[in-house]
Amino acid sequence: MHKIPPNRIRKIRTWVPGNHSTELISYNSSYQNKSLPLLDLASNDYLGLSKHPNLIEAAYKTMHCEGVGAGGSRLITGSRPIHRSLEETLGDWLQRDHVLLFPSGFQANLAGVIALTNRHTPVLVDRLIHHSLLMGVKASGAKLQRYSHNNLDELKKYLKICRKKHPQHPPLVITESLFSMEGTSPNLKCLAEICAEYGARLFIDEAHALGVLGKEGRGLCYQLNSPITMISGTFGKAFGSGGAFLASNKEIGEHLIQTSGAFRYTTALAPPLCAAALEALNLIKTHPSWHLELQETAATWRQKLTRQGWQSPHGTGPIIPLLIGSDQAALDTQKKLEQQGLLTIAIRPPTVPEGSSRLRLVVRRNLPENTLKKLLTALGDQ
Ligand SMILES: Cc1ncc(COP(=O)(O)O)c(C=O)c1O
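### Brief notes about the overall build of the chain
Next up, step 1: Secondary structure summary: the chain contains 12 helices and 14 strands in total.
Next up, step 2: For the chain, whose C-alpha radius of gyration is 21 Å, the value lies close to the compact-globule estimate of 21 Å for 382 residues.
Next up, step 3: Dimensions along the principal axes, computed over C-alpha positions, put the chain at roughly 60 × 55 × 45 Å.
Next up, step 4: Considering the chain as a whole, with its 382 residues, one finds that 47% of them fall into the buried category.
Next up, step 5: Counted over contacts in the chain with a minimum sequence separation of 6, partners at least 24 positions apart contribute 71%.

Shown next as structure tokens:
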């Protein structure tokens, strides 16, 4: 095992739920040695659904009838009607022919990339894609080329080279529709058109966009005219549950069922999580203004933070990266906010590039009215 530099060592901190309010959690502060209620400005529960009574009831009912875990993999004894229901409902919602559930987004991404590549495939990825996608490329032994974040000219340049060098191997392009640490999105329409022009397949991770961006919260791939080979999504973020899926055409979906180790050799997604995800989807469908309200709030936060002298946070959605720079300065700011009752997390290398440590602020739907004011006061001027 290689030695980890001291500044890269991370400790697992445990966040103890204090009361039943949707936005507060209490945390046993390590430096103050006492329990302090904190307002959560860091988790990915964008729509505040993880504690929604409908999700809790759906999960409880299913758990009561079917037990906590599935008890087997999907091809042995683990498949339940609730799995099929969720797959079909999602397929309809996203207008995709085939949806396959996985126990986590990490697994889904691994499975998806492996299914679309072999060691001859040129794979072009945005420099900032999620670790799980990179692990998929590594596992398949494909040829990896990174392009600068959201830089479509550079992508085009590499595609041209690839097509010339390996005309018999169609490239795969991988990106995210909402980058988890940047809050940014690529111009997906252009990107998909470029892929179509060069005969490249396209894999989009919609983990952070689903429920939050695009028409009725259906993500940014919804109703794009150019083809998208595969979409991955997770229920662990806006859906307030757990588990994930891959959406594709029927042929690729069937190929995954027959060949993907990450699908076949793992216990099926727990039925109560499935039931909660299905209920979340139902709520998202019946509350088409939620994602718009969230975007509006996020726009106000960006505007006010910029006005207070902070570097204008990129992007448009609920992820607001407050760039700070050094690791220590980011940790100090996290601590300062924590002392004011606000829970934010300093994100440091290797998760983000050196010198770009930041606080990853997350706007959630059910935050109290005065949250932004409290945050601006606690942060002070930059
Ligand atoms: C962009 C992205 N993709 C995939 C994942 C993995 O999803 P899950 O938490 O369901 O494993 C995450 C979560 O960290 C993510 O941020």
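There's more to say after this.
### As for the sheet that holds strand S10 (residues 244-248)
Next up, step 1: One open sheet holds the seven strands; their spatial order is S4-S10-S9-S8-S7-S5-S6, and the pairing between them is mixed. Looking at which strands have only one partner, the edges of the open sheet turn out to be strand S4 (98-102) and strand S6 (143-147). Put simply, the sheet's adjacent strands are angled 20 degrees from each other on average, direction ignored.
Next up, step 2: As paired strands, strand S5 (residues 122-126) and strand S7 (residues 172-176) are joined by three bridges and run parallel to one another. Within S7, the position partnered with Val 125 by the bridge is Ile 174.
Next up, step 3: Sheet contacts for helix H2 (residues 81-94): S4, strand S9 (230-234) and S10; angle to S4, the most-contacted strand, approximately 135 degrees.

### Thoughts on the packing of H2 against helix H9 (residues 271-286)
Next up, step 1: Relative to each other, H2 and H9 sit at 30 degrees, their axes nearing to 9 Å. One element, H2, and the other, H9, form an angle in the roughly parallel class. Of the two elements, H2 crosses H9, and the hand of that crossing is left-handed. Contacts between H2 and H9 involve Ile 82, His 83, Ser 85, Leu 86, Thr 89, Leu 90 and Trp 93 on the former and, on the latter, Pro 271, Cys 274, Ala 275, Ala 277, Leu 278 and Leu 281.

### With respect to the environment of Asp 205
Next up, step 1: Following the sequence through the fold, Asp 205 ends up in strand S8 (residues 201-205).
Next up, step 2: Look at Asp 205 and you get buried, because 29 C-beta atoms sit within 10 Å.
Next up, step 3: With near-sequence residues (within four places) excluded, Asp 205 lies in contact with Asn 109, His 130, Leu 133, Glu 176 and Ser 232.

### Topic: H2
Next up, step 1: Compared with the 20 Å implied by 1.5 Å per residue over 14 residues, the 20 Å span of H2 between its first and last C-alpha is a close match.
Next up, step 2: Buried residues of H2: Ile 82, His 83, Leu 86, Leu 90 and Leu 94, and no others. Taken end-on, H2 shows its buried residues confined to a sector of 105 degrees, consistent with a single buried face. Facing away from the buried side of H2, by more than 90 degrees, are the exposed residues Pro 81, Glu 88 and Asp 92.
Next up, step 3: At its buried positions, H2 is contacted by helix H1 (53-66), S4, S9, S10 and H9.
Next up, step 4: Among the residues trailing H2, Gln 95 stands out with phi positive, at a value near 55 degrees.

### As for the pairing of S5
Next up, step 1: Among the five residues in S5, five count as buried, and that is most of the element.
Next up, step 2: Side chains Pro 122, Leu 124 and Asp 126 project from S5 onto one buried face, and the interleaved Val 123 and Val 125 project onto a second face that is buried too.
Next up, step 3: Judged from the five bridges that link them, S5 and S6 form a sheet pairing that is parallel. Bridge pairing in S6 places Val 125 opposite Arg 146.
Next up, step 4: In this fold, S5 hands off to helix H4 (residues 131-140), which returns the chain to S6; that crossover is right-handed.

### Remarks on the sheet that holds strand S11 (residues 319-325)
Next up, step 1: Within the open sheet, the three strands sit side by side as S11-S14-S13. Their pairing is antiparallel. Whereas interior strands pair on both sides, the edge strands pair on one side only; in this sheet they are S11 and strand S13 (346-347).
Next up, step 2: One ladder, built from two bridges, connects S13 with strand S14 (residues 357-362); its direction is antiparallel. Considered in S14, the bridge of Ile 347 is made with Arg 358.
Next up, step 3: Along the sheet face, helix H11 (residues 327-339) touches S11, S13 and S14 and points at about 35 degrees away from the line of S14.

### A short note on the site of the ligand
Next up, step 1: Near the ligand you find 14 residues, and of these Ser 104, Gly 105, Ser 180, Ala 207 and Thr 234 are the closest.
Next up, step 2: A total of three residues in the shell around the ligand trace back to one element, the largest contributor, which is helix H3 (residues 105-116).
Next up, step 3: For the shell around the ligand, a count of residues per class yields three nonpolar, nine polar and two charged.

Reading guide: rules and limits
Residues numbered from 1 in each chain as written. Predicted model: local features only at pLDDT ≥ 70, side-chain atom pairs only at ≥ 80, totals over all residues. Helix = DSSP H or I, 4+ residues; strand = E, 2+ residues; numbered from the N terminus. Rg over C-alpha atoms; globule rule 2.2 N^0.38 Å. Buried ≥ 20, exposed ≤ 12 C-beta atoms within 10 Å, placed from the backbone. Contact = placed C-beta atoms within 7 Å. Pairing = 2+ DSSP bridges. Axes fitted to C-alpha atoms, helices over the stretch in contact; angles between N-to-C directions. Parallel < 35°, antiparallel > 145°, perpendicular 65-115°, else oblique. Left-handed = near helix turned anticlockwise from the far one by under 90°. Expected span 1.5 Å × (residues − 1). Arc of directions from axis to C-beta. Right-handed = clockwise from strand over helix to strand, strands pointing away. Near = placed C-beta within 6 Å. Nonpolar A, V, L, I, M, F, W, Y, C, P; charged D, E, K, R; others polar.

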